[in-house]
Amino acid sequence: MYVEVTTRETLARLSLRPGSRLLDVGCGTGFLLHRLSQTAPDARLSGVDPVPAMLSVARRRLSPDIQLQAAWVEHLPFESGTVDVVLSCNMFHYVRDPAAALREIMRVLAPGGRLVLTDWCDDYLACRICDLYLRLFNRAHVKMYNRGECLRLLHDAGFKAAAINRYKISWLWGMMTATAWRQEEPPPRGQLPVDS
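Residues numbered from 1 in each chain as written. Predicted model: local features only at pLDDT ≥ 70, side-chain atom pairs only at ≥ 80, totals over all residues. Heavy atoms only, no water.

Trainee: Quick question: what am I supposed to make of helix H4 (residues 98-108) here?
Mentor: For the α-helix, the turn length of 3.6 residues means that residues three or four positions removed from each other point alike. In terms of residue burial, H4 counts as a mostly covered element, since eight of its 11 residues are buried. Close packing links the buried residues of H4 with strand S4 (83-89), strand S5 (109-120) and helix H6 (147-156). (Buried < 20%, exposed > 50% of the residue type's maximum accessible area, 1.4 Å probe, protein only. Helix = DSSP H or I, 4+ residues; strand = E, 2+ residues; numbered from the N terminus. Contact = heavy atoms within 4.5 Å.)

Listed below in structure tokens is the structure:
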């Protein structure tokens, strides 16, 4: 349920034009890319993940047309300004240097490009408790962010427009999806999601 709901929430904030270049950062086993290959067959899809075992599963799941590479979000193997959309789903709490990661995402985005970032939300009590537990007992976990921290990180990285939806996917678990643009002016009216 968790992966399905977060995938749905991420895709709900995405509209791809034919030929759009999309990068899934932290693509894991390729679940989100697989869904995108079905719903947006004309998009040019790629994914990066630092874990070879995850990429191995993704390669078996996905078409060979989808470019997969081993890489950390702080060092993306893409030229500047070459990606229309960057997605990140359920992985930002693992990032050791979020400021560097967002600057690198900004670097690879084309002017007018969009970031859609879904992750656990520290605004919810259950998530705050889980965050403390994971910081103590899971070396891979770094930190969950609340809405204000996430907006500040996006702004500091140079994103000029950003909006964040917060929502629960069960009675216990809270998530947020941030949508941010690389451009000088805000997107057209109706394009920014409203915080809930």
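There's more to say after this.
Trainee: Would you explain the environment of Leu23 in this entry?
Mentor: One can find Leu23 in strand S1 (residues 21-25). Setting aside residues up to four positions removed in sequence, Leu23 forms contacts with Ser46, Gly47, Val48, Leu76, Phe78, Val83, Val85, Val86 and Leu87.

Trainee: Would you mind going over the pairing of strand S6 (residues 161-168) with me for this structure?
Mentor: Here is the key point about a regular strand: its side chains alternate between the two faces of the sheet. Of the strand pairs in this sheet, S6 and strand S7 (residues 174-181) are connected by eight bridges, and their pairing is antiparallel. Along S7, the bridge assignment pairs Asn165 with Thr177. Taken together, S6 and the strand that follows it, S7, pair antiparallel across an intervening segment of five residues. (Pairing = 2+ DSSP bridges.)

Trainee: Please clarify how the layout of surface pockets should be interpreted in this entry.
Mentor: Empty space left among the atoms is revealed by rolling a probe the size of a water molecule over them. Considering only enclosed or pocket space, the largest pocket measures out at about 740 Å³ in volume. Along the wall of the largest pocket there are 29 residues; nearest its centre are Gly26, Asp49, Asn90, Met91 and Tyr94. Those elements that place two or more of their residues in the lining of the largest pocket are helix H1 (2-12), S1, helix H2 (31-39) and strand S2 (44-49). Here the element with the most residues in the lining of the largest pocket is H1; it accounts for four residues. In the lining of the largest pocket, the residues fall into 18 nonpolar, seven polar and four charged. (1 Å grid on protein atoms, 1.4 Å probe; cavity = no way out; pocket = protein on both sides within 12 Å on 5 of 7 lines; lining within 4 Å. Points joined across faces, edges and corners; volume = space filled by probe spheres on them. Nonpolar A, V, L, I, M, F, W, Y, C, P; charged D, E, K, R; others polar.)

Trainee: Help me understand the sheet that holds S1, please; the structure alone is not making it clear to me.
Mentor: Hydrogen bonds along the backbone pair up the strands of a sheet, which may run parallel or antiparallel. The seven strands lie next to each other as S3-S2-S1-S4-S5-S7-S6, forming an open sheet whose pairing is mixed. Edge positions in the open sheet fall to strand S3 (67-70) and S6, since each of these has one partner strand only. Strand-to-strand, the axes of this sheet are offset by a mean angle of 15°, without reference to chain direction. Note that S1 and S4 share four bridges and pair parallel. (Axes fitted to C-alpha atoms, helices over the stretch in contact; angles between N-to-C directions.)

Trainee: How should I be thinking about the packing of aromatic side chains in this particular structure?
Mentor: Here the distance between the centres and the angle between the planes together describe a pair of aromatic rings. Applying the stated criterion to the full structure yields three aromatic pairs. Taking the centre distance of 4.9 Å and the plane angle of 40° together, the rings of Tyr133 and Phe137 count as tilted. Within this pair, Tyr133 and its partner Phe137 are both found in helix H5 (residues 125-137), separated by four residues, close to a single helical turn. Judged by relative accessible area, which is 59%, Phe137 ranks as exposed. (Phe/Tyr/Trp six-rings, centres within 6.5 Å; stacked < 30°, edge-to-face > 60°.)

Trainee: For this particular structure, what's the right way to read unusual backbone geometry?
Mentor: Across the chain, the bulk of peptide bonds are trans and the bulk of non-glycine residues have phi less than zero. Look at Asn90: it is not a glycine, yet its phi comes out positive at around 65°. A relative accessible area of 14% means that Asn90 is categorised as buried.

Trainee: Teacher, can you tell me more about the pattern of salt bridges here?
Mentor: Side-chain pairing between opposite charges can occur once the charged atoms of the two side chains come close. What the rule picks out here adds up to seven salt bridges. The closest approach of N and O atoms between Arg21 and Asp84, which form a salt bridge, is 2.7 Å. Of this pair, Arg21 sits in strand S1 while Asp84 sits in strand S4, and the two are 63 residues apart along the sequence. With a relative accessible area of 18%, Asp84 lands in the buried category. (Salt bridge = Lys/Arg side-chain N within 4 Å of Asp/Glu carboxyl O.)

Trainee: How do you make sense of the state of the cysteines when you look at a structure like this?
Mentor: Cysteine pairs can be linked by a disulfide, which is a covalent bond between their two sulfur atoms. Throughout the structure, instances matching the rule amount to zero disulfides. Cysteine Cys27 is unpaired, with the sulfur of Cys89 as its nearest cysteine sulfur at 12 Å. Judged by relative accessible area, Cys27 falls into the buried class, the value being 6%. The thiol of Cys130 is not disulfide-bonded; the next cysteine sulfur, from Cys127, is found 6.8 Å away. (Disulfide = S-S within 2.5 Å.)

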